[in-house]
Amino acid sequence: MTTPACQACASTELETFYEVRDVPAHSCLMLPTREEALAFPRGDIELAFCHACGFIGNVRFDASLNRYSAAYEETQAFSPRFISFLNEICDDQIRKFGLNSDTTVLEIGCGKGEFLVTLCERGGCLGIGLDPSYRPERTHSSVADRITFIRDFYGPRYAHLRADYVCCRHTLEHIAPVRDFVRLVRDTIGERHHVNVFFELPDMERILEQGVFWDIYYEHCTYFTRGSLARVFRDAGFDVLALYKAYDGQYLMLEAQPAAGRTAPHLPQERDLALIASLVKSFKSQVTARLQELGAAAARWRKSGHTVAIWGSGSKCVSLISSLQLGDELRAVVDINPHKHGKFLAGSGHRIVGPDALTALRPDVVLIMNSIYTEEIRHELAARGLRPQLLPL
Ligand SMILES: [Zn+2]
């Protein structure tokens, strides 16, 4: 076997620091039957840290297990908290980069198109969105005729698409050859130096720091911190203008513009290599502590016959269920996205229900997969006369 090389910088100074075997290859794909959910293809996770650039990737990732299609349900746009966040970032980007009716915006990996539509509605711009999981029947907007959606992956065949602004949200972490991808984006822009780019993705520094192992799953084959993200962009011929965290520190944002060649780091937050190396070292013990804590709670619920529900059926949930090996005590997996109701979670085979299902179930404990939604969920439960113990993760 050849030594794997870093997908971001090609160095072979890789060190494996975290492994999980036999996990579902997808966690946002909605399956119509329990049988299909249980039989879903599985793969292994072996996270390796690159000592040269700080990049972290799953060296056992097999892209042939990917099944991105219209059955992919990644949207969070049914949450008021998320919608207000979407509006905030759109307004911020419009203001910073002067997006207006003369601007063509290209979004790579636009999902169901919520961000692009919001940007075009609030900024008056023209849009092009690419994503194999796009569903035209879900777009209801007065600006729909200003946007072209292409149901496909971005690649060299779309190098002719001309845009004045390129954005890519929650997509880079699904792409294994990150260096090639960022270079392709740079090559597509070519000499058009006014084109700004905006990337948004999960922040790995927080995952390492807090030992939140449920944020690591097969679909995410690459993991960045501010430093490693800036390095791959600088290497590809971008100047990084801004690097910051958003959404309670869960997301990492990068703004960049094309440069003539490789650029030198100049933002203080890029210098994180030593810090990340030390967080990588302590990650496993952090995870063990988290697992013990949650495992003890699960044992208590089992003993006292508590009814448990999980709120949030995304990838984090799939990852948590398989790590904790939750069984019969887990009575419901709730999601507010109606497109998920009645479908089954890959791997565990749990059926996803809407919040109304909890009225009859009356759970004693509700595990909240993303603590940012705690107040929203408390409100939804109270509206149904429910006051269970909440456990925000
Ligand atoms: Zn590297």
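Residues numbered from 1 in each chain as written. Predicted model: local features only at pLDDT ≥ 70, side-chain atom pairs only at ≥ 80, totals over all residues. Heavy atoms only, no water.

Quick look at the sheet that holds strand 12 (residues 308–311) now. If you walk across this open sheet you meet the five strands as 14-13-12-15-16, and the pairing is parallel. Edge positions in the sheet fall to strand 14 (352–353) and strand 16 (389–392), since each has one partner strand and no second. Judged from the two bridges that link them, strand 13 (residues 330–334) and strand 14 form a sheet pairing that is parallel. Counterpart to valine 334 in the pairing with strand 14 is valine 353. (Pairing = 2+ DSSP bridges. Helix = DSSP H or I, 4+ residues; strand = E, 2+ residues; numbered from the N terminus.)

Here we take up the pairing of strand 11 (residues 251–258). Regular strands place side chains that alternate from one sheet face to the opposite one. Most of strand 11 is tucked away: seven of the eight residues are buried. Relative to strand 11, strand 8 (residues 196–202) runs antiparallel, the two sharing six bridges. Counted as the bridge partner of leucine 201 is leucine 252 from strand 11. As paired strands, strand 10 (residues 238–246) and strand 11 are joined by eight bridges and run antiparallel to one another. Among the inter-strand pairings, lysine 245 is bridged to a residue of strand 11, identified as leucine 252. (Buried < 20%, exposed > 50% of the residue type's maximum accessible area, 1.4 Å probe, protein only.)

Tallied over the full model, the rule gives one cavity of 30 Å³ or more. Volume-wise, the largest cavity comes out at about 70 Å³. Put simply, the parts of the chain that give the lining of the largest cavity at least two residues each are strand 4 (104–108) and helix 4 (178–189). The dominant element in the lining of the largest cavity, judged by the number of residues it contributes, is helix 4, at three residues. Partitioning the lining of the largest cavity into residue classes produces nine nonpolar, one polar and two charged. (1 Å grid on protein atoms, 1.4 Å probe; cavity = no way out; pocket = protein on both sides within 12 Å on 5 of 7 lines; lining within 4 Å. Points joined across faces, edges and corners; volume = space filled by probe spheres on them. Nonpolar A, V, L, I, M, F, W, Y, C, P; charged D, E, K, R; others polar.)

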